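A structural walkthrough
So the chains spell out like this:
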Amino acid sequence: MIEVKNLCKSFGDLQVLKGISETINDREVVCVIGPSGSGKSTFLRCLNLLEEPSGGEVFLDGKKINDSDVDIDEIREKLGMVFQGFNLFPHMTVLDNLTLAPIKVKGMEKAAAEEKARNLLETVGLADKAEKYPASLSGGQKQRVAIARALAMDPEIMLFDEPTSALDPEMVGEVLNVMKNLAENGMTMVIVTHEMGFAREVADRVLFIDEGNILEQGTPAELFGNPQHDRTKNFLSKVL
Amino acid sequence: MDQYIHGIAVAARGVPVTLIISLVAVLGGLVLGLLVALAKRSKFKILRGIATVYVDILRGTPLLVQVLILGYGVPQLVRAITGMQFNWEPLILVGFIACGVNSSAYMAEIIRSGLQAVDIGQTEAARSLGLNSRQTMRYVIVPQAFKIIVPALGNEFVTLIKETSILSMVGIVEVTRRGTLWASQSFQSFPAYIGVAVVYLIMTLTLSRLVSYMERRMAQSDRS
């Protein structure tokens with residue numbers, strides 16, 4: 001469970017997040033939508049402290065994590081992150097991409113880590129790509145590897161930062177399917193996305209962020225079917 | 001013609017010394033340079049300051065002067081302070097240290113640019129997986145940076161091979177010194193130094209070819 005209280009983030013003079021408070025419960029799938037530049041990616045990146053909040057608190061399972069005496073590496077093990085640009089390690093095979101962190105961080109045996117990695121690759125439909133290098137994969141395949149890599153650490157929560165925005169349209173579906181399976185298996189997920197169809201189908205809750213605040217939130221039916229704010233209506237009319 | 005062939009043969013006898021000094025210096029410089037490059041990225045201001053001064057001094061003074069300070073100045077200083085006899089023994093140590101330290105300043109800049117060239121997303125991905133900053137450097141950033149800087153490292157090696165000729169000034173018998181000794185003994189200065197030049201050319205050209213071959217090999221593993 002992630003809880004944020006009055007989360008603020010500024011880059012110099014630019015205030016990107018203006019006091020967000022929100023709780024993400026276990027096994028919940030939350031989609032974050034909003035116009036570009038609204039702060040949704042920054043919000044997500046504050047959850048695993050890739051961005052250090054300028055103010056406010058972030059709690060993971062009741063424990064405050066944006067504190068100087070917290071071992072952030074230990075926290076990040078529990079928070080899987082998937083990026084828009086995949087960020088696979090290009091100098092390693094797919095298999096090594098998946099086993100690096102389990103071996104080096106968790107101290108897993110190489111053989112056990114590899115077996116687990118192969119199982120994960122199987123679940124994302126890429127069992128035959130284990131020995132390949134990332135450069136030889138398509139965008140959709142890269143992103144599925146990136147998801148498997150995050151899952152290899154057995155995270156409690158998965159964070160997705162516009163996971164399909166850099167993909168060719170015909171590859172979006174394969175990635176969303178993997179994410180849908182994850183959701184159905186009870187993974188807690190926070191997803192920044194522009195895929196409204198996916199949000200409507202998979203999310204338990206949708207947050208609409210605008211100008212650094214959560215302007216409106218609700219179930220997909222509420223938010224997409226009956227938006228309250230003009231800004232929300234305006235945004236949805238453009239993207240739906 | 002015979003003098004020229006003899007000049008080459010004489011100079012060639014210095015090749016092992018020149019190569020071993022260059023190799024030790026390039027490896028030592030690489031390790032030292034990596035430390036300096038990391039110090040330059042440190043969050044501690046003092047460390048960054050020390051690294052900057054280190055690089056400035058070594059790049060801002062001639063290698064010849066550094067070699068003279070180390071080879072002649074330092075033994076005298078040690079004798080004055082400790083009152084004990086001190087000589088560089090074996091003399092080649094001067095070459096290892098002077099060239100290694102000098103090269104580390106250039107290496108530091110090369111490595112720094114290499115580290116900077118690795119996409120920030122790589123660091124973010126590694127940190128997100130729970131790797132600490134050291135592990136991220138070691139397993140993710142440095143291997144990629146290394147690939148980027150291979151050509152520059154190769155050039156530095158070639159430069160070093162040529163610059164070790166300066167060590168002949170403190171009596172280390174490498175390629176240039178072999179030529180000088182033969183020239184002063186036989187009065188065949190022109191053939192002697194032409195021989196020296198030819199031997200350097202063979203070493204540097206061979207190495208340049210080797211580097212571009214390695215570059216191509218490494219690029220291939222990206223695509224396979």
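These numbers come from a predicted model, not from an experiment.

Examining the interface of chain A and chain B
Residue-level contacts link 26 residues of chain A with 21 residues of chain B. With both sides pooled, the region where chain A packs onto chain B buries about 2,000 Å², and carbon together with sulfur makes up 58% of that total. Across the chain A-chain B interface, the total number found is two salt bridges. Residue Glu124 of chain B pairs with Arg45 of chain A through a salt bridge whose shortest N-O separation is 2.6 Å. Between chain A and chain B we count seven residue pairs in polar contact (both at pLDDT 80 or more) in total. Counting residues per element, the ones that place at least two in the side of chain A that touches chain B are α2 (72-76), β6 (79-82), α3 (94-104) and α5 (139-151) of chain A.

A closer look at the state of the cysteines
As enumerated under the stated definition, the model contains zero disulfides over all chains in all. Its sulfur unpaired, Cys31 of chain A is 19 Å from the next cysteine sulfur, which belongs to Cys46 of chain A.

Here's the deal with the sheet that holds strand β9 (residues 205-210) of chain A
Residue and element names in this part refer to chain A. With mixed pairing, six strands are arranged side by side in an open sheet as β6-β7-β8-β3-β9-β10. Edge positions in the sheet fall to β6 and β10 (213-218), since each has one partner strand and no second. Going across the sheet, the axis of each strand differs from the next one's by a mean of 20 degrees, ignoring polarity. Sheet topology places β9 next to β10; five bridges connect them, and they run antiparallel. Looking across to β10, one finds that Phe208 is bridged to Glu216. Where helix α9 (residues 230-239) meets the sheet, it contacts β3 (29-33), β9 and β10, and its direction lies at approximately 100 degrees from that of β9.

Looking at the UniProt feature "domain: ABC transporter" (unreviewed entry) in chain A
Sequence positions flagged by UniProt for "domain: ABC transporter" (unreviewed entry) are, in local numbering, residues 2-236 of chain A. Between the end C-alpha atoms of residues 2-236 of chain A there is a gap of 27 Å, over a span that is 37% helix and 26% strand.

Some thoughts on the UniProt feature "domain: ABC transmembrane type-1" (unreviewed entry) in chain B
The UniProt record marks residues 15-211 of chain B with the feature "domain: ABC transmembrane type-1" (unreviewed entry), using the residue numbering of this structure. The span residues 15-211 of chain B shows a helical share of 83% and a strand share of 0%, and its end C-alpha atoms are spaced 19 Å apart.

With respect to the pairing of strand β1 (residues 2-11) of chain A
Residue and element names in this part refer to chain A. As paired elements, β1 and strand β2 (residues 14-24) share eight bridges and run antiparallel to each other. Note on β2: the bridge partner recorded for Leu7 is Ile20. Linking two consecutive strands that pair antiparallel, namely β1 and β2, is a turn of two residues; a positive phi of about 60 degrees is found at Gly12 within it. As judged from the five bridges shared by β1 and strand β4 (residues 55-60), these two strands associate in the antiparallel manner. Across the sheet, residue Lys5 finds its bridge partner in β4, namely Glu57.

Focus on unusual backbone geometry
Cis geometry marks the peptide bond from Glu89 of chain B to Pro90 of chain B, where omega comes out at -5 degrees. When you line up the elements, Pro90 of chain B lands in the loop between α4 (63-82) and α5 (92-117). The phi angle at Asn87 of chain A is positive, at roughly 55 degrees, despite the residue not being glycine. Structurally, the position occupied by Asn87 of chain A is in the loop between β6 and α3. With phi around 50 degrees, Glu211 of chain A is a residue other than glycine that occupies positive phi space. In this fold, Glu211 of chain A is placed in the loop between β9 and β10.

Focus: the UniProt feature "transmembrane region" (unreviewed entry) in chain B
All names here are of chain B. Here, UniProt's "transmembrane region" (unreviewed entry) annotation points to residues 20-39, 51-74 and 190-211. Helix makes up 100% of residues 20-39 and strand makes up 0%, while its end C-alpha atoms are separated by 28 Å. Between the end C-alpha atoms of residues 51-74 there is a gap of 22 Å, over a span that is 92% helix and 0% strand.

Conventions used here
Residues numbered from 1 in each chain as written. Chains lettered and ligands numbered in written order. Predicted model: local features only at pLDDT ≥ 70, side-chain atom pairs only at ≥ 80, totals over all residues. Heavy atoms only, no water. Contact = heavy atoms within 4.5 Å. Buried area = accessible area lost by both parts, 1.4 Å probe. Salt bridge = Lys/Arg side-chain N within 4 Å of Asp/Glu carboxyl O. Polar contact = N/O pair within 3.5 Å; in protein donor to acceptor, adjacent residues only side chain to side chain. Helix = DSSP H or I, 4+ residues; strand = E, 2+ residues; numbered from the N terminus. Disulfide = S-S within 2.5 Å. Pairing = 2+ DSSP bridges. Axes fitted to C-alpha atoms, helices over the stretch in contact; angles between N-to-C directions. UniProt positions renumbered as here; feature names shortened; annotations may be inferred.

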